[in-house]
Amino acid sequence: MSDGHRQAQAAIQTILRLTNLLMAGKRVAVIGDEPELAARLRAMGAQTLLVDPAAALRGHRVLAEDEAVALADLVVGATEAHLPLLRDGAILIPAVPPAGPSGTAEPYGTDGEPPAGPSGTGGVFAGLPGVRVRDGITGYRLGPGREVFVLDMSC
């Protein structure tokens with residue numbers, strides 16, 4: 001089993017364990033080069049939205065990145081630049097896990113609160129305070145009636 005297969009399977013197991021989602025019918029945007037992950041999500045019944053034109057040959061729907069992120073229920077490889085585009089209730093898996101005080105991916109400090117970010121407010125996205133929904137999931141309110149959830153893949 002290659003590293004790509006192993007990483008894709010580990011990511012899917014973590015997503016399923018944290019969210020308890022049924023992938024069938026979900027729209028999943030995969031940002032970046034993750035062909036194994038996209039293929040596995042598609043095999044589980046998800047509608048995969050990718051930005052690579054070659055992905056159409058493998059049965060994925062190809063869209064512009066902004067359009068894919070705006071339509072998706074789950075976004076793999078999200079960055080802070082994608083925040084204004086997200087729909088209410090979207091679930092994000094960050095492109096780079098947040099670094100905790102020790103330099104490793106640590107979503108919460110010893111007091112159960114998100115570690116302080118560059119702006120001092122804490123959380124994955126600088127300037128937005130996150131609310132711990134449950135272990136491995138942090139909610140971010142983007143405005144009135146608009147909230148997104150970020151998974152901590154190190155759990």
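The rules we used
- Residues numbered from 1 in each chain as written.
- Predicted model: local features only at pLDDT ≥ 70, side-chain atom pairs only at ≥ 80, totals over all residues.
- Heavy atoms only, no water.
- Pairing = 2+ DSSP bridges.
- Helix = DSSP H or I, 4+ residues; strand = E, 2+ residues; numbered from the N terminus.
- Contact = heavy atoms within 4.5 Å.
- Axes fitted to C-alpha atoms, helices over the stretch in contact; angles between N-to-C directions.
- Buried < 20%, exposed > 50% of the residue type's maximum accessible area, 1.4 Å probe, protein only.
- Arc of directions from axis to C-beta.
- Salt bridge = Lys/Arg side-chain N within 4 Å of Asp/Glu carboxyl O.
- Expected span 1.5 Å × (residues − 1).

Observations regarding the sheet that holds strand 4 (residues 74–78)
Pairing within the open sheet is mixed, and its 8 strands lie in the order 3-2-1-4-5-8-7-6. The strands lining the two open edges of the sheet, one partner per strand, are strand 3 (61–62) and strand 6 (131–134). Relative to strand 5 (residues 91–94), strand 4 runs parallel, the two being bridged by 4 bridges. Note on strand 5: the bridge partner recorded for Leu-74 is Ile-91. Each of strand 4, strand 5, strand 6, strand 7 (137–143) and strand 8 (146–151) touches helix 1 (residues 3–19); the most contacted strand, strand 8, lies at about 130° to it.

Thoughts on helix 2 (residues 35–43)
Buried within helix 2 are the following residues: Leu-37, Ala-38 and Leu-41. Looking straight down helix 2, one finds that the buried residues subtend no more than 100° of arc, so they occupy a single side. On its buried face, helix 2 sits against helix 1, strand 1 (27–30), strand 2 (47–50) and strand 4. Within two residues after helix 2, Gly-45 carries a phi angle of roughly 100°, on the positive side.

Overview of the pairing of strand 7
With 3 bridges connecting them, strand 6 and strand 7 associate as antiparallel partners. Residue Val-131 lies in a different strand from strand 7, and its bridge partner there is Gly-139. Pairing of strand 7 with strand 8, which is carried by 6 bridges, proceeds in the antiparallel orientation. Among the inter-strand pairings, Tyr-140 is bridged to a residue of strand 8, identified as Val-148. Here strand 7 folds back onto strand 8 in antiparallel fashion, the turn holding 2 residues, of which Gly-145 has a positive phi close to 70°.

Topic: the pattern of salt bridges
When charged atoms on two side chains of opposite charge get close, those side chains can pair. Counted by the stated rule, this structure contains 3 salt bridges. Close ionic contact of Arg-27 with Asp-73 constitutes a salt bridge, the shortest N to O distance being 3.7 Å. Within this pair, whereas Arg-27 is found in strand 1, its partner Asp-73 is found in the loop between helix 3 (65–71) and strand 4, the two being separated by 46 residues in sequence. Classification of Arg-27 as partly exposed rests on a relative accessible area of 25%. A salt bridge links Asp-73 to Arg-87; the nearest nitrogen and oxygen atoms lie 2.8 Å apart. A residue pair is termed long-range when its members are at least 10 positions apart, and Asp-73 in the loop between helix 3 and strand 4 and Arg-87 in the loop between strand 4 and strand 5 qualify at 14 residues.

Looking at the environment of Gly-45
In this structure, Gly-45 sits in the loop between helix 2 and strand 2. Since its relative accessible area comes to 37%, Gly-45 is described here as partly exposed. Beyond its immediate stretch of four places on either side in the chain, Gly-45 contacts Met-23, Ala-24 and Gly-25.

Things to note about helix 1
An α-helical segment advances 3.6 residues per turn. Residues three or four places apart therefore align on the same side. Here helix 1 contains 17 residues, and its C-alpha end-to-end distance of 24 Å stays within 8% of the 24 Å for a straight helix at 1.5 Å per residue. What helix 1 keeps buried is the set Ala-8, Ala-11, Ile-12, Thr-14, Ile-15, Leu-18 and Thr-19. All buried residues of helix 1 lie within an arc of 160° about the axis, which places them on one face of the element. Packed against the buried residues of helix 1 are helix 2, strand 4, strand 5, strand 6, strand 7 and strand 8. Phi turns positive one or two residues past the end of helix 1, at Asn-20, with a value near 60°.

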